[in-house]
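A closer look at the structure
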Amino acid sequence: MEHQPAVRTVQLSGGVTLELGRRTLIMGILNATPDSFSDGGSYANVSAAVERAKQMAEEGADIIDIGGESTRPGFTPVSEEEEISRVVPVIRALREALPQMALSIDTYKAETARHALEAGAHIVNDIWALQYSPEMAKVVAEFGCPVIVNHNRPERDYTDFVADVLADLQESVRIAHEAGVRDEQIWLDPGIGFAKDYAENIAMMGRLSDLAALGYPVLLGTSRKGFIGQALGGVPVNDRVEGTAATVTLGIAQGCGIVRVHDVRAMKRTAMMTDAIVYRDRQRG
């Protein structure tokens, strides 16, 4: 593999660790929202969220990504106060129920991130790549946590699509560095489904190795997204597991080290099979 992720251990708060570069890490999606595109309302109370997280842990999740605001197309933004009230009780409960599980907070608001990290989250997952909230990079630097910078744009005003995506992400890296975020804290996400149409999503899927070549860990989040439904002839959200598996396999083959998914058991198995080939020289046993 030309752009295999570097092998390294990531030390998180609370004694939690992640190892990158020997196998694909699975990030399970936990939406503490009433209006998520896929499972809105299913895990909006703490007990249901904890049970779902336990299930994902049993199925092979390495990270649980907790979100308090839907980011589906046409979503309705919520206030920081509302978002905090949704995610903080879930994070606290998960730290107690699953003390060795890595937790990420899916937010682009700095105060939500701060409250989540104080409650026990380990990673910030920012869909606006540190370019929405001016304080977000400072919060990440203060806590010394990994941050996932997800490509996004207010408008699809590209001139050279892939080059523009890479340049946007490099600008986010600059913002991070300027705030004191260390290079080893930065993970990149191509932002599949964000400010991209069908053709652009497909094009980005074919150029993920260009992103991996920048040298940062790459997270791929394609699970159940609209371009998969379109490619499969209009299948509904909950019937996109095979399409998601195809994108996961392609992403791993191009150097993506973390995948963000709804269907943890199926994608864990997909990743294990792909890893057996891609990481054959690195896996133990």
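Procedures and definitions
- Residues numbered from 1 in each chain as written.
- Predicted model: local features only at pLDDT ≥ 70, side-chain atom pairs only at ≥ 80, totals over all residues.
- Heavy atoms only, no water.
- Axes fitted to C-alpha atoms, helices over the stretch in contact; angles between N-to-C directions.
- Helix = DSSP H or I, 4+ residues; strand = E, 2+ residues; numbered from the N terminus.
- Parallel < 35°, antiparallel > 145°, perpendicular 65-115°, else oblique.
- Left-handed = near helix turned anticlockwise from the far one by under 90°.
- Contact = heavy atoms within 4.5 Å.
- Nonpolar A, V, L, I, M, F, W, Y, C, P; charged D, E, K, R; others polar.
- Pairing = 2+ DSSP bridges.
- Phe/Tyr/Trp six-rings, centres within 6.5 Å; stacked < 30°, edge-to-face > 60°.
- Buried < 20%, exposed > 50% of the residue type's maximum accessible area, 1.4 Å probe, protein only.
- Polar contact = N/O pair within 3.5 Å; in protein donor to acceptor, adjacent residues only side chain to side chain.
- Salt bridge = Lys/Arg side-chain N within 4 Å of Asp/Glu carboxyl O.
- Expected span 1.5 Å × (residues − 1).
- Arc of directions from axis to C-beta.

With that settled, consider the packing of helix α9 (residues 241–253) against helix α10 (residues 264–278). A pair of packed helices can be characterised by two numbers: the angle between their axes and the separation between those axes. It is at 9 Å that the axes of α9 and α10 come closest, and there the two elements cross at 30 degrees. When the interaxial angle is binned, α9 and α10 end up roughly parallel. As for how α9 packs across α10, the hand of that crossing is right-handed. Residue-level inspection shows V241, T244, A245, V248, T249, I252 and A253 of α9 in contact with α10, the latter providing A266, M267, T270, A271, T274, D275 and V278. In terms of residue class, the contact of α9 with α10 is built from nine nonpolar, four polar and one charged.

Our focus in this paragraph is the sheet that holds strand β8 (residues 186–189). Working definition: the strands of a sheet are paired by backbone hydrogen bonds and lie parallel or antiparallel to each other. Across the sheet, eight strands lie side by side as β8-β7-β6-β5-β4-β3-β10-β9; this open sheet has parallel pairing. Edge positions in the sheet fall to β8 and β9 (219–220), since each of these pairs with one other strand and no more. Strands in contact with helix α5 (residues 161–179) are β7 (147–150) and β8; relative to β8, the strand with the most contacts, it is inclined by about 160 degrees.

With that settled, the discussion passes to the packing of aromatic side chains. On inspection of all chains with the given rule, the structure shows two aromatic pairs. Where Y108 meets Y132, the ring centres are 4.6 Å apart and the plane angle is 80 degrees; that geometry is what we call edge-to-face. Separated by 24 residues along the polypeptide, Y108 in the loop between β5 (102–106) and α3 (110–119) and Y132 in the loop between β6 (123–126) and α4 (136–143) bring together distant segments of the chain. Ring centres of Y158 and F161 lie 4.9 Å apart, and the angle between their planes is 90 degrees; on these two criteria the pair is classed as edge-to-face. With respect to class, Y158 is no different from F161; both count as buried.

Our focus in this paragraph is the side chain of S223. For S223, the location among the structural elements is in the loop between β9 and α8 (226–231). In this structure the side chain of S223 is engaged in a polar contact, spanning 2.7 Å, whose partner is the side chain of H262.

One pass over the structure, following the stated rule, counts 21 salt bridges. Across the pair K109 and E83 runs a salt bridge, and its minimum N-O distance is 3.3 Å. A residue pair is termed long-range when its members are at least 10 positions apart, and K109 in the loop between β5 and α3 and E83 in helix α2 (residues 80–97) qualify at 26 residues. E83 matches K109 in its accessibility class, with the two residues each being buried. In this structure, R153 and D168 form a salt bridge, with 2.7 Å as the shortest nitrogen-oxygen distance. Linking R153 in the loop between β7 and α5 with D168 in helix α5, this pair joins segments that are 15 residues apart in sequence. Put simply, D65, D106 and R260 are held in one network by salt bridges that share partners.

Another point: the packing of α2 against α3. The contact between α2 and α3 brings their axes to 9 Å, and the two run at 20 degrees. Between α2 and α3, the interaxial angle falls into the category roughly parallel. For the pair α2 and α3, the crossing hand works out as right-handed. Facing α2, whose interface residues are E80, E83, I84, V87, V88, I91, R92 and R95, α3 presents A110, E111, T112, H115, A116 and A119. Its residues placed into classes, the contact of α2 with α3 shows seven nonpolar, two polar and five charged.

Of note, V7 is situated in the segment before β1 (8–11). For the pair V7 and L20, spaced 13 residues apart in sequence, the C-alpha separation works out to 5.4 Å. Each residue touching V7, except ones within four places of it in the same chain, is listed here: E19, L20, G21, R22 and R282.

The next thing to look at is α10. Over its 15 residues, α10 runs 20 Å from end to end, which matches the ideal 21 Å to within 8%, given 1.5 Å per residue. Within α10, burial applies to V264, M267, K268, T270, A271, T274, D275 and V278. Angular distribution of buried residues about the axis of α10 spans 160 degrees; they occupy a single face of the element. Projecting away from the buried face of α10 at angles above 90 degrees are the exposed residues R269 and M273.

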